[in-house]
Amino acid sequence: GLQIFSEGIVSLSNITANDGSAMGADINNSSAGSALAVTLTGVNNFNNNNVTGLLINSRGAIILNTVTANGNTAGFGAELVNTFSTNSSVVTLIGKNTFNNNGLGGLDVDSKGAVTASSLTASSNQASYGVFIDTLLNVTLTGTNIFNANANDNLRVQTSGTVSLSNINATGSVAGYGAYIDN
């Protein structure tokens, strides 16, 4: 797998971290002195790892393009955390983003900033949510978003901000809601 510990900006493109014995990719710049971003451009794949596919801990913005994180056996497809600063930094996922068949949940976002995502798919995640977003500010989902047959809620959003959702298909949760929105 890929492991990056930095006190600076992290900018990567077209990353593939598949079939690892632990994490696919662990990217951490949370010890930076200020809010510095982590950005993944291009097409990025984190599949069939023994733990989590993609873990990002950042003090700044997290901006991802076209992420696929499927079949990670003992973890999440992706965990994105940027709560380490007193500032509110955004989490943004653009392109098509897929988080299926992971041992825990599909996509877990923990942020103090606005969360914006497009075209999320999270289905058949075995022990938790398809997508779980916990933030203080606004949540916006655009594009076509599909959340099906996850162990807990297919889509769960907890925020003090505004929630704007479009084109949501959330059906067949094993032990939770199709979509649970708490604001």
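The structure contained in this document is the topic of the report that follows.

So, about the packing of aromatic side chains. In total, this model carries two aromatic pairs according to the counting rule given. Geometrically, the ring pair formed by Tyr-129 and Phe-132 is stacked, given 5.0 Å between the ring centres and 20° between the ring planes. For Phe-132, a relative accessible area of 15% gives the class buried. For the pair Tyr-177 and Tyr-180, a centre-to-centre distance of 5.3 Å together with 35° between the ring planes defines the contact as tilted.

Now for the environment of Gly-53. Structurally, the position occupied by Gly-53 is in the loop between β5 (44-45) and β6 (54-58). Placed 36 residues apart in sequence, Gly-53 and Ala-17 show a C-alpha to C-alpha distance of 7.7 Å. Apart from residues lying up to four places away in sequence, Gly-53 is in contact with Gly-24, Ala-25, Phe-46, Asn-72, Phe-76 and Gly-77.

On to the pattern of salt bridges, then. Applying the stated criterion across every chain yields a total of one salt bridge. For Asp-153, the salt bridge is made with Arg-156, and the minimal N-O distance between the two is 2.5 Å. Comparing Asp-153 with Arg-156 shows no difference in burial state: the two are buried.

Rules behind the numbers
Residues numbered from 1 in each chain as written. Predicted model: local features only at pLDDT ≥ 70, side-chain atom pairs only at ≥ 80, totals over all residues. Heavy atoms only, no water. Phe/Tyr/Trp six-rings, centres within 6.5 Å; stacked < 30°, edge-to-face > 60°. Buried < 20%, exposed > 50% of the residue type's maximum accessible area, 1.4 Å probe, protein only. Helix = DSSP H or I, 4+ residues; strand = E, 2+ residues; numbered from the N terminus. Contact = heavy atoms within 4.5 Å. Salt bridge = Lys/Arg side-chain N within 4 Å of Asp/Glu carboxyl O.

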